[in-house]
Amino acid sequence: MRNNRKNREAFGEHSFWQSYSDMMAALLLVFILIIAVTLAIYRQKTSDLEQTQLDLTAAQADLESSRAEIEKSNQELEASLAQLQEAYAQAALTQEELNKAYQEIADAQAELAATKSELENIVGVRTNLIGELQNTFQNSSMTVDAQTGSITFSSDVLFRYNSYTLTANSRDILRDIIPRYLEVLLQDQYREYIAEIIVEGHTDTDGGYWSNMELSYNRASAVARFCLDEENGLSREKIAQLQELLTVNGRSYSEPVYETDETGTATDKIDMAASRRVEIKFRLKEDEMIEKVSSILQQ
């Protein structure tokens, strides 16, 4: 019985240590499993982290590329804005120049219309003035040119041969003709339209050009001095007005008069007697008006 008891006690003790050993082995196995799982998880996490870092690096590279593209786009946008602003500035300048041109055209049109109206008035004045001059000398031996309104004196009637001194007889003729002619021109209704009253001398082709130029001028000057003499019919007031308008020209034989045939057609033969003459004529301001209109049209 004692042996049985000892055997049971020995068996019981062995069973305890065996159980403890098994438990420790199990715990070690569990620990190893835990370490293995932990290592596996660590490796997975490390792998995931490395992949994330790679992805992050790639993302950063993409971000840098995108940033560079955005910067380039911003530069292009700024350049486009600068070009657009310049285009706006040029457009504004062009519009300003265009508006200025329109205004200049409008001003020119207004000036042209005013000039045209004034020119039409002057054309009407010429017609009326020539008509009144013709009526004034209707019963006279003096003829008024229907186109120009001029009157012509034969030098053979006014002067002796190669002379520029008025004869006594010619003075009587001039006293009858010139005051009436100039009184019409110097009327208030016409005076403002007259630019110039011209006394012009002409000679025939006998002699040299310069000697005839001197003779033609001296003869025209003699007639002009006669017109400005108070003793020859004009009032002091009219003489003062005439002095502002009077011009004396010598033309030598530059404008001879040609003979005509039976049909009234001019021939190539010079009429020497008719070429020796003194003309009194006038020039209206229409010449200045025509120049003004031409200037406006050229602009």
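Predicted model, so just to flag it, every value in this text is computed and none were measured.

Enquirer: Would you mind showing me how to read the pattern of salt bridges here?
Expert: Proximity of charged atoms lets side chains of opposite charge pair with each other. Scanning all chains against the criterion turns up 11 salt bridges. Linking D176 and R180 is a salt bridge whose minimum nitrogen-to-oxygen distance equals 3.3 Å. On the criterion of helical spacing, the pair formed by D176 and R180 is a turn pair, its members being 4 residues apart in helix α3 (residues 168-185). Overall, R180 belongs to the partly exposed group, its relative accessible area being 31%.

Enquirer: Any chance you could explain the side chain of S275 here in plain terms?
Expert: Mapped onto the elements of the fold, S275 is located in helix α7 (residues 272-275). Dropping the residues within four chain positions of it, S275 is found in contact with H202, T203, D204, P256, V257 and I270.

Enquirer: I keep staring at the environment of I194 and nothing clicks. Help me out?
Expert: Its place among the elements puts I194 in strand β2 (residues 194-202). A C-alpha to C-alpha distance of 4.4 Å links I194 and L284, two positions 90 residues apart in sequence. Leave out the neighbours within four places in its chain, and I194 touches L129, L185, L245, R283, L284 and K285.

Enquirer: I'm lost on helix α6 (residues 236-245) in this one. Help?
Expert: Note on helix geometry: an α-helix contains 3.6 residues per turn, so any two residues three or four positions apart are oriented the same way. Those residues of α6 not exposed but buried are K238, I239, Q241, L242 and L245. Each buried residue of α6 lies within a common arc of 160° when the element is viewed along its axis, so the set occupies one face. Counted as exposed and oriented over 90 degrees from the buried face of α6: R236, E237, Q243 and E244. In this fold, the buried residues of α6 make contact with α3, α4 (188-191), β2, α5 (209-227) and β3 (246-250).

Enquirer: How do you make sense of the layout of surface pockets when you look at a structure like this?
Expert: Here the largest pocket is characterised by a volume of approximately 270 Å³. Looking at the largest pocket, it is lined by 15 residues, and the ones nearest its centre are Y161, N162, N212, L215 and R219. Of the residues forming the lining of the largest pocket, the biggest block, 4 residues, is contributed by α5. Of the residues assigned to the lining of the largest pocket, the class counts are 3 nonpolar, 6 polar and 6 charged.

Enquirer: Before we go on, may I ask you to explain a nonpolar patch on the surface in this structure?
Expert: On the surface, L28, F31, I32, I35 and L39 cluster together to form a nonpolar patch covering roughly 460 Å² of accessible area. Considering the arrangement of structural elements, one finds L39 in helix α1 (residues 2-136).

Enquirer: Help me out: how do you make sense of the packing of α3 against α5 in this one?
Expert: To describe two helices that pack against each other, one gives the angle between their axes and the distance between the axes. In contact at an axis separation of 10 Å, α3 and α5 are set at 70° when each is read in the N-to-C sense. Taken as axis vectors, α3 and α5 run roughly perpendicular relative to one another. Judged by the twist between their axes, the crossing of α3 over α5 is right-handed. Taken together, the residues of α5 that come into contact with α3 (itself represented by R171, L174, R175, I178 and L182) are V223, F226 and C227. A per-class count over the contact of α3 with α5 returns 6 nonpolar, no polar and 2 charged.

Enquirer: Can you help me understand the nonpolar core in this one?
Expert: Nonpolar side chains tend to gather and get buried jointly when the protein is soluble and globular. Residues I197 and V223 are the most contacted members of the largest nonpolar core, which totals 39 residues. Mapped by element, the contributors of at least two residues to this core are α1, β1 (151-154), α3, β2, α5, α6 and β6 (277-284). The dominant element in this core, judged by the number of residues it contributes, is α3, at 7 residues. The residues touching I197, leaving out its near neighbours within four places in the chain, are L182, L185, L186, L242, L245, L246, T247, I280, K281 and F282.

Enquirer: Even after reading the chapter, I still don't get the packing of aromatic side chains, so can you show me in this structure?
Expert: Note on aromatic pairs: each is described by the distance of the centres and the angle between the planes. What the rule picks out here adds up to 3 aromatic pairs. Taken together, a centroid distance of 6.5 Å and an interplanar angle of 40° make the contact between F137 and Y181 tilted. A residue pair is termed long-range when its members are at least 10 positions apart, and F137 in the loop between α1 and β1 and Y181 in helix α3 qualify at 44 residues. In this pair, the class of F137 matches that of Y181, namely buried. The interplanar angle of 85° and the centroid separation of 5.6 Å between the aromatic rings of Y209 and Y253 together place this pair among those described as edge-to-face. Of this pair, Y209 sits in helix α5 while Y253 sits in the loop between β3 and β4 (258-260), placing them 44 residues apart in sequence. Judged by relative accessible area, which is 25%, Y253 ranks as partly exposed. Ring pairs connect the aromatic residues Y209, W210 and Y253, which therefore count as one cluster.

Enquirer: Looking at this structure, I do not really get the sheet that holds β6. What am I missing?
Expert: Strand pairing in a sheet takes place through backbone hydrogen bonds and is either antiparallel or parallel in direction. The mixed open sheet is built from 4 strands, whose spatial order is β1-β6-β2-β3. Of all strands in the sheet, those with a lone pairing partner are β1 and β3, marking the two edges. The mean inter-strand angle of the sheet, taken between neighbouring strand axes irrespective of direction, is 20°. Here 5 bridges tie β2 to β3, and the two strands are oriented parallel to one another. By the bridge assignment for β3, I197 is matched with L246. Seen against the sheet, α5 touches β2, β3 and β6 and runs at an angle of roughly 155° to β3.

So, how was this worked out
Residues numbered from 1 in each chain as written. Predicted model: local features only at pLDDT ≥ 70, side-chain atom pairs only at ≥ 80, totals over all residues. Heavy atoms only, no water. Salt bridge = Lys/Arg side-chain N within 4 Å of Asp/Glu carboxyl O. Helix = DSSP H or I, 4+ residues; strand = E, 2+ residues; numbered from the N terminus. Buried < 20%, exposed > 50% of the residue type's maximum accessible area, 1.4 Å probe, protein only. Contact = heavy atoms within 4.5 Å. Arc of directions from axis to C-beta. 1 Å grid on protein atoms, 1.4 Å probe; cavity = no way out; pocket = protein on both sides within 12 Å on 5 of 7 lines; lining within 4 Å. Points joined across faces, edges and corners; volume = space filled by probe spheres on them. Nonpolar A, V, L, I, M, F, W, Y, C, P; charged D, E, K, R; others polar. Patch = residues over 30% accessible without salt bridge, like charges linked within 9 Å, V, L, I, M, F, W, Y side chains within 5 Å. Areas by Shrake-Rupley, 256 points an atom, 1.4 Å probe, with all protein chains shown as cover. Axes fitted to C-alpha atoms, helices over the stretch in contact; angles between N-to-C directions. Parallel < 35°, antiparallel > 145°, perpendicular 65-115°, else oblique. Left-handed = near helix turned anticlockwise from the far one by under 90°. Core = buried A, V, L, I, M, F, W, Y, C linked by side-chain atoms within 4.5 Å. Phe/Tyr/Trp six-rings, centres within 6.5 Å; stacked < 30°, edge-to-face > 60°. Pairing = 2+ DSSP bridges.

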